[in-house]
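# Architecture and fold: a report
What follows is each chain in one-letter form.
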Amino acid sequence: MYVTHLECSLTGERYPAGQPHNLSAAGKPLLVRYDHERVRTSLTRETLAERPAGMWKWRELLPLPEGGEPVSLGEPETPIVALANTAGRAGATSLLVKDEGRLPTGSFKARGLAMATSMARHFGIKSVALPTNGNAGAALAAYAARAGMEAIVVCPAETPEINVRETAAYGARVWVADGQIDECGRLIREGAAEERWFDCSTLKEPYRLEGKKVMGFELVEQLGWKVPDAIFYPTGGGTGLIGMWKAFDELEAVGLIGPERPRMYAIQAAGCAPIVRAFERGDESAERWEGAATVATGIRVPSAVGDFLILRAVRESGGAAIAVEEQDILQAVEDAARDDGMLLCPEGGAVLAGWRSAQERGLVARHETVLLFNCANGNKYPLTDRSRRLELASATASML
Ligand SMILES: *Cc1c(COP(=O)(O)O)cnc(C)c1O
């Protein structure tokens, strides 16, 4: 075993590995801890270079016991793509996108839920459930289908139709409810308490975080074992941001990088910005955001159980939490598509808008290496129809 134990992220209280867990006794997320001395003997830059690319090559720093079979749909290492024209227009030299839209089910939720369902199957769990704004439900449903488990998903009414239908296509039981994601989460919690299913809500079981942290491992290896100067991340529950911050510590602990860290920027929509408000007030945790609304549904999360971990990582890193307006999100999506041929999801648009705002505020320098996260495939979202109708009988080419 590479895992030594789990630990409460607030109190440090220890919990045994080898059995299912949700939150700690203090009601906070649990973090998986590893035997770093043992990991460092086999996880080296050289051995990693020889392994097939993808999340499972980081096996020694993942919780699935040796010999345990992952539930996998062939998760690729996602590419880092330069937005050269978008950068050039702003006078910047190195603007990169890690495009997580290439993963199974079209979003990075696949990473977390591949890991969570692998562990759930390992523990013999038969039924899994979560609340979702769309992408997590689709990923849970797909991996549960593959693992032969039942999946139950509850989503807010504004969840994009394509996600709801995709989730149902994998055979999950899907409910569309008249509330926000945290309110949907209450039903999931109640059902879990009645032992009807296992609660896979983000950060309420410890393994989704472990799947998502692989983004941090991957990007460092892809950048030649260097961390970028800054990372911009679309922050809902914050699992990816917290996960990457954990990943950098683990890479250092096993001798793969030094103490250098990127500045972490948590990007939220102005219509749902609880973390930004807490950051600006100097608070250690975030109050619930009432009346949350944004086109970037993946980051429409009024309250996050890992709020204090997000705020801690952002502050320790010397980064910031930034809110962006709806029109700037839409403009960013349009600009990246037209200028660089990159169709961002709205959450990815928020991140690009967040970088623009940070640049205007002098938070990032022109020459810095900046990595933006695009967390889903832009094709999963409704797009503006800009085509024009043509009657071929009366049309001539000179009209076009
Ligand atoms: C879930 C989601 C997010 C937010 O991710 P967290 O790690 O939970 O903060 C951002 N963008 C998209 C497309 C998502 O599906």
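Look up a bit, the structure's there.
These lines cover the structure that appears in this document, whether it is placed above or below.

The rules behind the values
Residues numbered from 1 in each chain as written. Predicted model: local features only at pLDDT ≥ 70, side-chain atom pairs only at ≥ 80, totals over all residues. Heavy atoms only, no water. Pairing = 2+ DSSP bridges. Helix = DSSP H or I, 4+ residues; strand = E, 2+ residues; numbered from the N terminus. Axes fitted to C-alpha atoms, helices over the stretch in contact; angles between N-to-C directions. Contact = heavy atoms within 4.5 Å. Buried < 20%, exposed > 50% of the residue type's maximum accessible area, 1.4 Å probe, protein only. Parallel < 35°, antiparallel > 145°, perpendicular 65-115°, else oblique. Left-handed = near helix turned anticlockwise from the far one by under 90°. Nonpolar A, V, L, I, M, F, W, Y, C, P; charged D, E, K, R; others polar.

### A few points about the sheet that holds strand 11 (residues 263-269)
The strands that make up a sheet pair up through hydrogen bonds in the backbone, lying either parallel or antiparallel. A sheet is described by the order of its strands in space; here six strands give the open sequence 4-5-13-10-11-12, paired in mixed fashion. Two strands lie at the open edges of the sheet, namely strand 4 (80-82) and strand 12 (320-324), each paired on one side alone. Pairwise comparison of adjacent strand axes, ignoring direction, gives a mean angle of 25° for this sheet. Sheet analysis places strand 11 next to strand 12, joined by five bridges and oriented parallel. Counterpart to Ala269 in the pairing with strand 12 is Val324. Set on the sheet, helix 11 (residues 274-281) makes contact with strand 11 and strand 12; between it and strand 12 the angle comes to about 130°.

### Notes on the environment of Met215
Assignment of secondary structure puts Met215 in helix 9 (residues 214-222). For Met215, a relative accessible area of 0% puts it in the buried group. Along the sequence, Met215 and Ala247 sit 32 residues apart, while their C-alpha atoms lie 8.3 Å from each other. Setting aside its immediate chain neighbours within four residues, Met215 contacts Lys98, Glu100, Phe108, Arg111, Tyr233, Gly240, Met244 and Phe373.

### Points about the packing of helix 9 against helix 10 (residues 239-253)
The contact between helix 9 and helix 10 brings their axes to 7 Å, and the two run at 55°. Taken together, the axis directions place helix 9 and helix 10 in an arrangement best described as oblique. Regarding helix 9 and helix 10, the two cross each other, and that crossing is right-handed. Taken together, the residues of helix 10 that come into contact with helix 9 (itself represented by Met215, Gly216, Phe217, Leu219 and Val220) are Gly240, Met244, Ala247, Phe248, Glu250 and Leu251. Here the contact of helix 9 with helix 10 is composed, by residue class, of eight nonpolar, two polar and one charged.

### Here we look at the sheet that holds strand 2 (residues 14-15)
Taking strand neighbours across the sheet as the criterion, the three strands line up as 2-1-3 in an open arrangement whose pairing is antiparallel. Pairing within the sheet leaves two strands with one partner each, and these edge strands are strand 2 and strand 3 (30-34). Sheet topology note: the strand 1 (residues 3-8)/strand 3 ladder contains five bridges and is antiparallel. Bridged to Leu6 within strand 3 is Val32.

### Concerning the environment of Pro63
On the secondary structure map, Pro63 appears in the loop between helix 2 (45-50) and strand 4. Sequence separation between Pro63 and Ile299 is 236 residues, and the spatial gap between their C-alpha atoms is 27 Å. Aside from chain neighbours lying at most four places away, what touches Pro63 is Val3, Val32, Tyr34, Met115, Met119, Tyr207 and Glu210.

By themselves these figures say nothing about function.
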